[in-house]
Amino acid sequence: MFGREGELLRLGRFVRDAESGGSTILIGGAGIGKTALWETAIDRARNRGMHVLSARPSGTVSEMPFGALIDLCDRLDDATLAVLSAPQRHALEVALMRAPPDGEPAPNSAVALGLLGVVRALADCHAVVIAIDDLQWLDRPSAEAVTFVARRLDGAPVTFLLARRPGPAGPLEAVLTRATSERLQIGPLSFGAVRRLLFERLGLTVSRQLLRRIVEMTDGNPLFALEVGRALADHGGSALYDDLPLPDSLDEILGKRVARLPFAIRRVLLAVALSEDPRTSQMLPILGARALDDAVDAGVVVVDGQRVRAAHPLLAAAAEARCGARERRELHLALSDAARDEPARTMHLALATQGVDGALAARVASAVDTALARGARREAAVLATQALRLTPGDAPERPARVIALAERLDDTGELRRMTALLRDELPSLPAGPMRGRAWLRLSEGEDISSMEDQDRYLERALSEGGEDRNLRAHVLAKRAGNAAAAAVAQLREAEAWAIEALELADDPMVQRYAMWSLAWPLGLGGRELDELCARSSVTTDPTAYISASPERVAAIRLVWRGELARARASLAALSELADARGDPTSYAMIRLHRIDLEVRAGELDVAAALLEEWAESSDYETQFRPQYPRCCALLEAQRGAGPEARHWAVKTIERGQAAGSGWDELEARRARGIGLLIEGAPEQALEDLVMVWDHCEREGVRDPGAFPVAPDLIEALVELDRLDDAQAVVRRLHEMTVEQDHPWARATGKRGTGLLALVVRDHPEDGAALLRETAVDLERVGLRLDSARCLLALGRGQRRLKQWRSARETLELAAAQFGALGADGWAARARSELDRVGGRRPATDGELTPSERRVIELAADGRSNKEIAAALYVTVNTVEVHLKRGYAKLGVRSRAQLVKRLADGV
C-alpha cells in the first residue's frame, strides 16, 4: 500500500472495534485502491480470529440472482447450515445452487431469513465481518437479503465493510448509515506515493517532469499510474514528456493492455467476462490449465478457491470491448456447454446464435416465464430481448414477443427503451388487442407529459381492444386511478369505472390493478378497504406489484387518519417487500408516502434524508407529475420556512396545472397557505386554503386527512375574525369524526373548538384546557409538530388575554419543541410572540421558569419522567424539554448532581 497511511489507520480502528457492530464504507473511483484497502482490512479481521463473509460482485454477476450471496456463503459448511429450520435451509441452499429446486421457488424472504440465521449463529461464536466489494454491482436479490439481515442484527457482533464507486447510496447503505457508520472517501495518491508505487511495483524511475505529467493525467489513480508505468517500461522507461502516448481514459489504457495479451490469456479474460459465475471446473475444459495459469501469472485474472475473476472488473470490460463478434459467439457456445443450469445455458446459446432461430426463440421465451416466476425481473428483460431478436420477422409469435419485451422493460423501469421499441414496432403490430396493449404501455411511456396525453393513449387502447375483456378492464382501471389518485376529480365516475373493470377482468394482475383503482375513490371517500386488501393478498404473490395494490392505499389511509405507528409499520413492510422483489417503482412510491408521513409527524430530518435519497436516485423518476417539488414545499412549510415553501409550491402548481395533476396542486396550495400563515399573511393564505377545502368538499373527498387543510384554514379564519366560517369547518370535522371514527379529525376538531373558545372569550379557560389536552393527544399519536402548533396557538391566546406568566411558559415550551424538531421558522415565530409578552420577565437568562422548577423538583424527588408527566398533566416529551433546559441552567448533568445542587439552596 502506498500513500494510504491515514486510511489504513482508520481501517485498523474498524477491525479493533468490529465486535461493537457498525460499518465502514469505502468510496472511490475505479482503480483508486478501494479493493486493496478492502482486502487489507479483511486480512486483518481474519488474523484476529473473526469470521469473514466476503463477496466481490461484477457487472456480469449483477445479472445473476443471488450471485453475490453465493460468494458470501462460499466457505460455509453443512454444519453451519444445520442450525437453520428445514424450510430456511432448503431455500438458502437452492439460492446458493447447492440443492435443486423443489416445486415452486421459495420466496426471497425465506432466503433472507436463512442468511440471518446463519449470521446470528456465527456471531454467537466470533465477531462477524460481512465484506462486499464493488457494491454498485451487487445483484438485487443478494442486496435484499443482506439488507434484511442488516436491519435485524439487534446488537449482535456483526460489522459491515463495503466498497463502492461514487454515486447514490443503495438501500443496504441507507440502512447501515442509520447506525454507527463511517464513510471513507478514497482520494488520489500524492505525488510521492505515485513515485514509490512505480518504483516498488515496476522498478521504474522517471524524471520529475514526467512523473508530474503521469500524476496530472491519471489524477493520482494508482491503476491508471501503473498502466502508464507499464507502457513506459515497455519503451525502456526513457520516453520523453512530449512523446508519451498517454490515453484519455481508463478504457483506452486497459483496452491497449488487453490487446497486447497473448491470444490464450486474452481468451481466458474474455471467458471470465462473459460468464455469470466463472468456476475453475467450468473454465478448465474450455480454456485449459496452462492458459488459466498464464492468465493468473499475467495479473489479469485471480483464482479464489473455485472461483475465477478478473483482477479488476474493468479489465473484463476492456476484453469484451476489444473482442470480435465471432470470438464472442464461440465462447458463449462453449460456455453454454459448461453452464450450471438451464437458464444460464439458454442465455449463452442465445448470445452465441447469429441471426434468427425460431426453435431457440421459443426456448428463450419460455425461460422468460421461469425468470419471472422466481422474481428475476432484470434477467427476464434480458431474456425477452434475446427471444425477440431470435424470432423470425414473419413468425406469428413475434407481435406477442414485442409486447412481452415492452412489459419486461416497463417492469425494470427502462421506459426509454420501452417507448422506442413500441414506437418502432407499432405500425407492424396487428390491429386489435395486440396494438391496444401497445397503446396501453405507451400511456406510461417516456414521452407522456400530461394526464391529457395519457387519456389520448388510453382512448386509442380502448378503441383497438375490441372484445378483449382484460384490456378494457385495464384501461378502465387506469382511468379510474388517474381520476382519483392524480386529478382528485370525478370520484363517482372513477368508482364506477373501477367496479366495471373488476367485473370484467379475469387476469389476476388486472384484477389487482382494478382493486387498486377502486381503493382510491373508496379511501378518499372515507370508506374501509379491508375487503379489497383481503382479496388482493399482495404479500403472498411474488409476481405482484405493490404500487398497484389496495394494500398501498390502505397504508396511506392510516397516514390520513393520524394512525402513524400503524402507518409507519405498514409502509415499512411494503417498502421491504418491494425491495425484496426487485420492484423499484413500488419502492419509490412507498418512499413518497413515507416522506408524507414523516413530514406530517414532524420528523423533518427523516423526511429530508428520504428526499435526498430520492434526489440522488436513478431507479425511478416521477415522469411528468411534480411529486418531488410538492414534498419539498410541504417539508419547508413544516420547517416554518415561508419563502422556501412558497418557492417550491409555485413550481409545483405550475407543473401540476400543465400536467393535469390536481393532487400535487392541492398539496402545493396547502403548503403555500401554511407558508403565508408563517409570514403573517392570513388573508393571502386563506385563498389557497379555502380552494383546497372547497375542492375536497365539491369532489366528494370525505377523509379530512387526505388533504389536511382544516387546522390551517381554521387558524386563518380566526385570524381574520371570520368566526362563523371557522365554526362551520369545525362542525364539518365533527361530522366526519362521527361518520368515520376518524382520530385525526377528532383531534383537529377539538383543536379548532379550543381555539374558538379561547378567542370568543366567553370561557377562555375552557379553550385553554382543550388546547392543552389536544397538544397532549397529538403528541401521544406522534404528531409532534401539530402538538407544538397547538401550544403556539394557546400561548398567543394567553398573551392576548394578558395571562403573562401562562403565555410565557406556553410559548417557551412551544419554541423549545419546535427547535427540537428542526422547525426553525416556527420556533422563531414562537419566540417573536414571546417577545411581545408583557409583565415580569425572568431576572436573568439562567433563572428557572416556574414550569422548569416544578419539573426539576419532582425529578430531584426521585420521580421518573413518566411519573412527572402524569403529576403535571403534560407529556413525557415536555418533561424532557424542561429537564434539558433546567440542567443547562443549573450546570448539572445527572439527577445526583441535581439533588446536590438543590440542597445547596438553588
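Note that this is a predicted model, so its numbers are computed, not measured.

### Focus on the overall build of the chain
Step number 1: Scanning the chain for helices and strands turns up 47 helices and 7 strands.
Step number 2: For the chain, whose C-alpha radius of gyration is 32 Å, the value lies close to the compact-globule estimate of 29 Å for 906 residues.
Step number 3: The C-alpha extent of the chain, read off along each of the three principal axes, is 95 × 80 × 60 Å.
Step number 4: Accessible surface, the chain as shown: approximately 38,200 Å² in total, 50% of it carbon and sulfur.

### Looking at the environment of Ala-18
Step number 1: Its place among the elements puts Ala-18 in the loop between α1 (5–16) and β1 (23–27).
Step number 2: Remark: the alpha-carbon pair of Ala-18 and Leu-161, spanning 143 residues in sequence, is separated by 9.9 Å.

### Examining helix α7 (residues 140–150)
Step number 1: For α7, the tally of buried residues reaches 10 of 11 residues, placing the bulk of the element in the interior.
Step number 2: Residues of α7 that are buried include every one of Pro-141, Ser-142, Ala-143, Glu-144, Ala-145, Val-146, Thr-147, Phe-148, Val-149 and Ala-150, and no others.
Step number 3: As for α7, its buried residues are in contact with α3 (67–72), α6 (108–123), β3 (128–132), β4 (158–164), α8 (171–176) and α30 (564–580).

### A few points about the pattern of salt bridges
Step number 1: Per the counting criterion, the structure on display carries 60 salt bridges.
Step number 2: With a closest N to O distance of 2.7 Å, Glu-495 and Arg-527 form a salt bridge. Placement of Glu-495 in helix α26 (residues 491–504) and of Arg-527 in the loop between α27 (508–524) and α28 (530–536) is noted, with a sequence separation of 32 residues between them.
Step number 3: Across the pair Asp-777 and Arg-780 runs a salt bridge whose closest N-O atoms are separated by 3.2 Å. Taken as a pair, Asp-777 and Arg-780 lie in helix α40 (residues 764–780) at a separation of 3 residues, close to a single helical turn.
Step number 4: Through salt bridges that share partners, Glu-719, Arg-796, Arg-799, Arg-800, Glu-833 and Arg-836 make up one connected network.

### What about the side chain of Gln-798?
Step number 1: Summarising the element assignment, Gln-798 is placed in helix α41 (residues 784–800).
Step number 2: The class for Gln-798 is buried, based on a relative accessible area of 2%.
Step number 3: Residues in contact with Gln-798, not counting those within four places in the same chain, are Arg-772, Gln-803, Ser-806, Ala-807 and Thr-810.

### A closer look at the nonpolar core
A general trend in soluble globular proteins is that nonpolar side chains are found buried together.
Step number 1: Formed by 129 residues in total, the largest nonpolar core has its most connected members in Trp-520, Leu-524, Val-701, Phe-707, Ile-714, Phe-818 and Trp-826.
Step number 2: Looking at this core element by element, the count peaks at 10 residues for α27.
Step number 3: What Leu-524 contacts, discounting residues up to four positions off in sequence, is Ala-484, Leu-491, Trp-560, Trp-663, Gly-700, Val-701, Arg-702, Asp-703, Ala-706 and Phe-707.
Step number 4: Membership of the second largest hydrophobic core comes to 46 residues, among which are Ile-25, Leu-76, Ala-95 and Phe-160.

### Topic: the confidence of the model for the chain
Detailed reading of the predicted model is not advised wherever pLDDT is low.
Step number 1: Across the chain, pLDDT averages 86, with 92% of residues at or above 70.
Step number 2: Summarising per-element confidence for the chain, the mean pLDDT is lowest in helix α47 (residues 895–903) (66) and highest in helix α29 (residues 550–560) (97).
Step number 3: Scored below 50 in pLDDT, residues 239–248 makes 13 contacts in the model with residues more than four places away or belonging to other chains.
Step number 4: Counting contacts from residues 618–622, a segment whose pLDDT is below 50, to residues more than four positions away or on other chains yields 10 contacts.

### Some thoughts on the environment of Val-402
Step number 1: Following the sequence through the fold, Val-402 ends up in helix α21 (residues 398–411).
Step number 2: Ignoring anything within four residues of it in the chain, the contact list for Val-402 reads Leu-388, Leu-421, Leu-422, Glu-425 and Leu-429.

### What about a positive patch on the surface?
Step number 1: Taken together, Arg-13, Arg-16, Arg-44 and Arg-48 make up a surface patch of like positive charges.
Step number 2: Topologically, Arg-48 is positioned in the loop between α2 (34–47) and β2 (51–55).
Step number 3: For Arg-48, a relative accessible area of 52% translates into the label exposed.

### Examining the state of the cysteines
Step number 1: Applying the stated criterion across every chain, the model contains 0 disulfides.
Step number 2: Cysteine Cys-125 is unpaired, with the sulfur of Cys-73 as its nearest cysteine sulfur at 16 Å.
Step number 3: On the basis of relative accessibility, which here comes to 60%, the residue Cys-125 falls in the exposed class.

### Considering helix α15 (residues 289–297)
Step number 1: When α15 is considered as a whole, its buried residues turn out to be Ala-291, Leu-292 and Ala-295. Buried positions in α15, seen along its axis, are confined to an arc of 100 degrees and lie on one side of it. In α15, those exposed residues whose orientation departs by more than 90 degrees from the buried face are Arg-290 and Asp-297.
Step number 2: At the C-terminal side of α15, Gly-299 shows a positive phi close to 80 degrees.

### Quick look at the pairing of strand β7 (residues 307–310)
Step number 1: Where burial is concerned, the two faces of β7 agree: the one with Arg-307 and Arg-309 and the one with Val-308 and Ala-310 are both buried.
Step number 2: The hairpin turn running from strand β6 (residues 301–304) into β7, its antiparallel successor, is 2 residues long, and Gly-305 in that turn takes a positive phi close to 65 degrees.

### Points about the sheet that holds β2
Hydrogen bonds between backbone groups are what pair the strands of a sheet, and the pairing can be parallel or antiparallel.
Step number 1: The 5 strands are arranged β2-β3-β4-β1-β5 in an open sheet whose pairing can be described as parallel. Bordering the open sheet on either side are β2 and β5 (181–185), each of which pairs with just one other strand. Each neighbouring strand pair of the sheet contributes to a mean axis angle of 15 degrees, computed without reference to strand direction.
Step number 2: Here β1 pairs with β5 via 5 bridges, running parallel. Note that in β5 the partner of Ile-27 across the bridge is Gln-185.

### With respect to the packing of aromatic side chains
Step number 1: Scanning all chains against the criterion turns up 8 aromatic pairs.
Step number 2: Between Trp-439 and Tyr-457, the aromatic rings sit 5.4 Å apart at their centres with planes inclined by 80 degrees, giving edge-to-face as the arrangement. You can see Trp-439 sitting in helix α23 (residues 433–442) and its partner Tyr-457 sitting in helix α24 (residues 451–465), a full 18 residues away along the chain. Each of the two residues, Trp-439 as well as Tyr-457, counts as buried.
Step number 3: Seen from their ring centres, Trp-560 and Trp-663 are 6.2 Å apart, and the 35 degrees between their planes marks the pair as tilted. Taken together, the residues span a long stretch of sequence, with Trp-560 in helix α29 and Trp-663 in helix α35 (residues 662–678) at a distance of 103 residues. The burial state of Trp-560 is the same as that of Trp-663; both residues are buried.
Step number 4: Every member of this aromatic cluster is reached through a ring pair, and the members are Tyr-513, Trp-516, Trp-520, Trp-560, Trp-663 and Phe-707.

### Some remarks on the packing of helix α17 (residues 325–338) against helix α18 (residues 342–352)
Step number 1: In the contact formed by α17 and α18, the axes pass within 8 Å of each other and the chain directions differ by 155 degrees. Judged on the interaxial angle alone, α18 and α17 are roughly antiparallel. For the crossing formed where α17 meets α18, the hand is left-handed. Each of Arg-329, His-332, Leu-333, Leu-335 and Ser-336 in α17 lies in contact with α18, whose residues at this interface are Arg-345, His-348, Leu-349, Leu-351 and Ala-352.

The rules behind the values
Residues numbered from 1 in each chain as written. Predicted model: local features only at pLDDT ≥ 70, side-chain atom pairs only at ≥ 80, totals over all residues. Heavy atoms only, no water. Helix = DSSP H or I, 4+ residues; strand = E, 2+ residues; numbered from the N terminus. Rg over C-alpha atoms; globule rule 2.2 N^0.38 Å. Areas by Shrake-Rupley, 256 points an atom, 1.4 Å probe, with all protein chains shown as cover. Buried < 20%, exposed > 50% of the residue type's maximum accessible area, 1.4 Å probe, protein only. Contact = heavy atoms within 4.5 Å. Salt bridge = Lys/Arg side-chain N within 4 Å of Asp/Glu carboxyl O. Core = buried A, V, L, I, M, F, W, Y, C linked by side-chain atoms within 4.5 Å. pLDDT = per-residue confidence, 0-100. Patch = residues over 30% accessible without salt bridge, like charges linked within 9 Å, V, L, I, M, F, W, Y side chains within 5 Å. Lys, Arg positive; Asp, Glu negative; His and termini not counted. Charge placed at Lys NZ, Arg CZ, Asp CG, Glu CD. Disulfide = S-S within 2.5 Å. Arc of directions from axis to C-beta. Pairing = 2+ DSSP bridges. Axes fitted to C-alpha atoms, helices over the stretch in contact; angles between N-to-C directions. Phe/Tyr/Trp six-rings, centres within 6.5 Å; stacked < 30°, edge-to-face > 60°. Parallel < 35°, antiparallel > 145°, perpendicular 65-115°, else oblique. Left-handed = near helix turned anticlockwise from the far one by under 90°.

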